[in-house]
Amino acid sequence: MDDSDPFAAPHRIPSSTRPLLGLTILAVEDSRFACEAMRLLCLRSGARIRRADCLTSARRHLQIYRPSAIIVDMGLPDGSGADLIEELAHTSPRIGVILGTSGDDFAEETALSAGADGFLAKPVSSLGAFQRAILSLLPGDRQPLGPRLLTDEHVHPDPIAYQDDMAHAADVLCDLNDTRGLDYAAQFLGGVARSAKDHVLASAAEGLARARASGAPVTNDAARLAGLVQERLERRLAI
């Protein structure tokens, strides 16, 4: 329970149709598209959601209130989500459920090693998987009473949220000589594109990431990625 949330309602009891009723979930997520998916999942599950788009914002949130659960993206604009997970795993009183999330290979091992209780692989769109990941880690008195209907429903975020992510990426890619920015853009766009099934953009992001990892010249890969992002922004203007 979010004991420090002034809007918390202790009388709200989870049910079979809204098994996360009464919980407050903090999503530490820089992607508007990914966070919109989580918002829809929380809405259908009965949970409240708050969002922090970076480590700094998350730490500010946590100074004010303690959520019931926290979902931390592993790649954030100001550092690794693993650092926040490690901090939270050793903080007392401890947040009841700490989950890492990412679309990258090997991120689950990193999150669990840092102290996460579980992991959500992106794209996070399955209502049943989302609910199970949180419910399996809650104490018995927070579980819904009676049998629970299992669902295979998937949520579909508003495409405008994807366009917002493209605008954010375009800002990051303004300086193609900023190596740190390029690393972040490749990671960010790779995850967002895979979640949105934008295979062309995902491939371009992976190409830039490979070039950076190998020490090869990145000018062409970075320019191609920036061009694809601009194309997606222009589609929005055309609409």
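See the structure shown above.
Since the model is a prediction, treat every value here as computed from it, not as a measurement. (Residues numbered from 1 in each chain as written. Predicted model: local features only at pLDDT ≥ 70, side-chain atom pairs only at ≥ 80, totals over all residues. Heavy atoms only, no water.)

Caption draft 1: The sheet that holds strand 3 (residues 69-73), seen in detail. Judged by pairing direction, the sheet is parallel, and its five strands sit side by side in the order 2-1-3-6-7 without closing on themselves. Across the chains shown, the open sheet's two edge strands, defined by having one partner strand only, are strand 2 (48-52) and strand 7 (118-121). Within the sheet, the average angular offset between the axes of one strand and its neighbour, ignoring direction, is 25 degrees. The pairing of strand 6 (residues 97-102) with strand 7 spans four bridges and is parallel. Counterpart to L99 in the pairing with strand 7 is G118. (Pairing = 2+ DSSP bridges. Helix = DSSP H or I, 4+ residues; strand = E, 2+ residues; numbered from the N terminus. Axes fitted to C-alpha atoms, helices over the stretch in contact; angles between N-to-C directions.)

Caption draft 2: Looking closely at the pattern of salt bridges. Enumeration according to the criterion identifies twelve salt bridges in this entry. Across the pair E206 and R194 runs a salt bridge whose closest N-O atoms are separated by 3.4 Å. You can see E206 sitting in helix 8 (residues 199-214) and its partner R194 sitting in helix 7 (residues 179-195), a full twelve residues away along the chain. Exposure remark for R194: the relative accessible area of 29% places this residue in the partly exposed category. E231 is the salt-bridge partner of R232, the closest N and O atoms lying 3.9 Å from each other. Classification of E231 by relative accessible area gives partly exposed; the value is 41%. Here the salt bridges share partners, and the residues they tie into one network are E29, D73 and K122. (Salt bridge = Lys/Arg side-chain N within 4 Å of Asp/Glu carboxyl O. Buried < 20%, exposed > 50% of the residue type's maximum accessible area, 1.4 Å probe, protein only.)

Caption draft 3: Spotlight on helix 1 (residues 32-45). Over its 14 residues, helix 1 extends 20 Å from the first C-alpha to the last, a length consistent with the 20 Å expected when each residue adds 1.5 Å. Within helix 1, ten of the 14 residues are buried, leaving the element largely enclosed by the surrounding structure. Turning to helix 1, its buried residues number three or more, namely F33, A34, C35, E36, A37, M38, L40, L41, C42 and S45. The N-capping residue of helix 1, defined by a side-chain oxygen 3.2 Å from the backbone nitrogen of F33, is S31. (Expected span 1.5 Å × (residues − 1). Polar contact = N/O pair within 3.5 Å; in protein donor to acceptor, adjacent residues only side chain to side chain.)

Caption draft 4: Region of interest: the environment of V200. For V200, the location among the structural elements is in helix 8. For V200, a relative accessible area of 43% gives the class partly exposed. In sequence terms V200 and L225 are 25 residues apart; their C-alpha atoms lie 9.6 Å from each other. V200 has contacts with R224, L228 and R232, leaving out every residue within four places of it along the chain. (Contact = heavy atoms within 4.5 Å.)

Caption draft 5: Main features of the pairing of strand 6. Counting buried residues in strand 6 gives six out of six residues, a clear majority hidden from the surface. Alternating residues of strand 6 divide into V97, L99 and T101 and I98, G100 and S102, and every residue in both groups is buried. Note: strand 3 against strand 6, five bridges, orientation parallel. Bridge pairing in strand 6 links D73 to T101. Following the backbone out of strand 6, through helix 4 (residues 107-114) and into the adjacent parallel strand 7, one traces a crossover that is right-handed. (Right-handed = clockwise from strand over helix to strand, strands pointing away.)

Caption draft 6: Molecular detail of the packing of aromatic side chains. Summed over the entire model, instances satisfying the criterion amount to two aromatic pairs. Seen in terms of ring centroids, F33 and Y162 are 5.5 Å apart; in terms of plane orientation they differ by 70 degrees. Their pairing is edge-to-face. Highlighted residues: F33 in helix 1 and Y162 in helix 6 (residues 159-172), separated in sequence by 129 residues. Y162 carries the same exposure label as F33, and that label is buried. Sitting above the plane of the Y65 ring, R50 keeps its charged end 4.1 Å from the centroid. (Phe/Tyr/Trp six-rings, centres within 6.5 Å; stacked < 30°, edge-to-face > 60°. Lys NZ or Arg CZ within 6 Å of the ring centre and 35° of its normal.)

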